[in-house]
Amino acid sequence: MFDVYCLCNPLFDILATTSDELLVECGSEKGSMTLVSVEHQRRLLGKAALEITAREAGGSGANTAIGVAQLGFKAAFGGCVGGDDFGLALSDALLAGGVAPHFGQADVDTGVCLVLTTPDAQRTMHTCLGASQYFSPEFVNVDAIADSKVLYVTGYLWDTKLPQDAVEHAMSAARNAGRLVAFSLSDSFCVARHREAFGSLLSSHVDIVFGNEDEAIAISGKDDVHEASKWLAEQTGHLAIVTRGAQGCLFADANGVTEVEAFGTVAVDTTGAGDMFASAALCGLVAGYSYEQTGRLASYMSAAIVAQFGP
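Residues numbered from 1 in each chain as written. Predicted model: local features only at pLDDT ≥ 70, side-chain atom pairs only at ≥ 80, totals over all residues. Heavy atoms only, no water.

### What to know about the nonpolar core
The biggest cluster of nonpolar side chains holds 49 residues, and the ones touching the most others in it are Leu151, Met171, Phe183 and Leu232. With residues near it in sequence (within four places) discarded, leucine 232 still touches Leu202, Val209, Ala216, Ile219, Ala240 and Val242. Core analysis: the next-biggest nonpolar cluster, separate from the first, contains 32 residues, Ala62, Ala65, Cys249 and Phe277 among them. (Core = buried A, V, L, I, M, F, W, Y, C linked by side-chain atoms within 4.5 Å. Buried < 20%, exposed > 50% of the residue type's maximum accessible area, 1.4 Å probe, protein only. Contact = heavy atoms within 4.5 Å.)

Below you can see the structure in the form of structure tokens.
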């Protein structure tokens, strides 16, 4: 049995430091995740080539799965890759990190995400989805999902149609088996693209929703983050977990809102912070920790991540 089964776009990450001026020159909105063509991504790589800091297996769900394994829990990660070197590298990295890769394979290149980090530690992502957009219901390992304690899905999968069908198939398998379904709003720009679909998904398939303050306010339409957290919890009927950076995090359920303080740190790169927070929070919930204990663990782990370059 797996503790956490993650579904997301499998991507190979290329990380580079950059300036605000380069983002403006490239027309990139700071802090966003933008879907780009292979050609556009290559042009950006050419401009950032001298500032590359890391090349490694990535993608939001992969980061979370690896974090779960690092905390001593059993994790699996599903999606679709290509038959190229990046696809092999992703599988090898997951195995090395203690995660079981459950990948379908498409006859196109594996997806790549170029992450540009500015001096204020903000990361701006340019993603070419590649093979990940061919993740279809036939690639969903329903038996493994039904035998996992929690299914964790990221909102990034909603950017293409086939993965939406695969996710709904996976969520149905989890719920039919009496398992918890957790969902990450992933990105405020992602929420803007799919607000109506996400709202419907929360009320019909999701038990636990993750989001940051901006995402929670964007999807709920509330002006206050506490009210937004309560609204999210009402949609799922169970639990909403909202991160607030240096102001800590909120756990909202039918009994109210629990506030948890953040751990202080000097941020140099926010890449993977939300992913690591989610992994620690999921582990805390699986282990039966209180919201306060779970929030402290998750805040500590995310603080450790933002103090280094890369996820």
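### Side note on the packing of aromatic side chains
As enumerated under the stated definition, the model contains 9 aromatic pairs in all. Between phenylalanine 77 and phenylalanine 103, the ring centres sit 5.7 Å apart and the planes meet at 85 degrees, which makes this aromatic pair edge-to-face. Pair noted here: phenylalanine 77 is in strand E5 (residues 75-82) and phenylalanine 103 is in strand E6 (residues 99-106), with a separation of 26 residues, a long-range link. Look at tryptophan 158 and phenylalanine 183: their rings are 6.1 Å apart centre to centre, the planes differ by 80 degrees, and that puts the pair in the edge-to-face class. Of the two residues, tryptophan 158 sits in the loop between strand E9 (148-154) and helix H6 (161-176) while phenylalanine 183 sits in strand E10 (residues 180-184), which places them 25 residues apart along the sequence. (Phe/Tyr/Trp six-rings, centres within 6.5 Å; stacked < 30°, edge-to-face > 60°. Helix = DSSP H or I, 4+ residues; strand = E, 2+ residues; numbered from the N terminus.)

### Quick notes on a nonpolar patch on the surface
Together, Val108, Tyr134 and Leu162 line one region of the surface with nonpolar side chains, adding up to about 230 Å² of accessible area. Within the secondary structure layout, valine 108 lies in the loop between E6 and strand E7 (111-117). (Patch = residues over 30% accessible without salt bridge, like charges linked within 9 Å, V, L, I, M, F, W, Y side chains within 5 Å. Areas by Shrake-Rupley, 256 points an atom, 1.4 Å probe, with all protein chains shown as cover. Salt bridge = Lys/Arg side-chain N within 4 Å of Asp/Glu carboxyl O.)

### Some remarks on the sheet that holds strand E13 (residues 249-253)
In space, the 9 strands of this open sheet follow the order E6-E5-E1-E9-E10-E11-E12-E13-E14, with mixed pairing throughout. Because the sheet does not close on itself, it has two edges, and the strands there are E6 and strand E14 (256-260). Strand-to-strand twist of the sheet, defined as the mean angle between neighbouring strand axes without regard to direction, takes the value 20 degrees. (Pairing = 2+ DSSP bridges. Axes fitted to C-alpha atoms, helices over the stretch in contact; angles between N-to-C directions.)

### Digging into the sheet that holds strand E3 (residues 33-35)
The strand order across the open sheet built from 5 strands is E3-E8-E7-E2-E4, with neighbouring strands paired in mixed fashion. This sheet does not close on itself; its edge strands, each paired only once, are E3 and strand E4 (52-58). Taken over all neighbouring pairs, the strand axes of this sheet differ in orientation by 20 degrees on average, direction set aside. Strand contacts of helix H4 (residues 85-96): strand E2 (11-17), E4 and E7, with the helix running at about 90 degrees to E2, the strand carrying the most contacts.

### Considerations on helix H2 (residues 38-48)
Every buried residue of H2 is listed here: Gln41, Leu44 and Ala48. Viewed end-on, H2 has its buried residues packed into an arc of 60 degrees, placing them on one side of the element. Residues of H2 that are exposed and point more than 90 degrees away from the buried face comprise Arg42, Arg43 and Gly46. Looking at the buried side of H2, the elements it contacts are E2, helix H1 (20-26), E4, E7 and strand E8 (123-128). (Arc of directions from axis to C-beta.)

### Focus: the environment of alanine 254
Within the element layout of this structure, alanine 254 appears in the loop between E13 and E14. Under the relative-accessibility criterion, alanine 254 is labelled exposed at 83%.

### Brief notes about the packing of helix H10 (residues 273-286) against helix H11 (residues 291-306)
Packing of H10 against H11 brings their axes to within 8 Å, and their N-to-C directions diverge by 150 degrees. Here H10 lies roughly antiparallel to H11, going by the angle between them. H11 is crossed by H10, and the crossing has right-handed handedness. Contacts between H10 and H11 involve Ala273, Met276, Phe277, Ala280, Ala281, Gly284 and Leu285 from the first element and Tyr291, Thr294, Leu297, Ala298, Ser299, Met301, Ser302, Ile305 and Val306 from the second. (Parallel < 35°, antiparallel > 145°, perpendicular 65-115°, else oblique. Left-handed = near helix turned anticlockwise from the far one by under 90°.)

The values reported here are purely geometric and, on their own, carry no functional implication.
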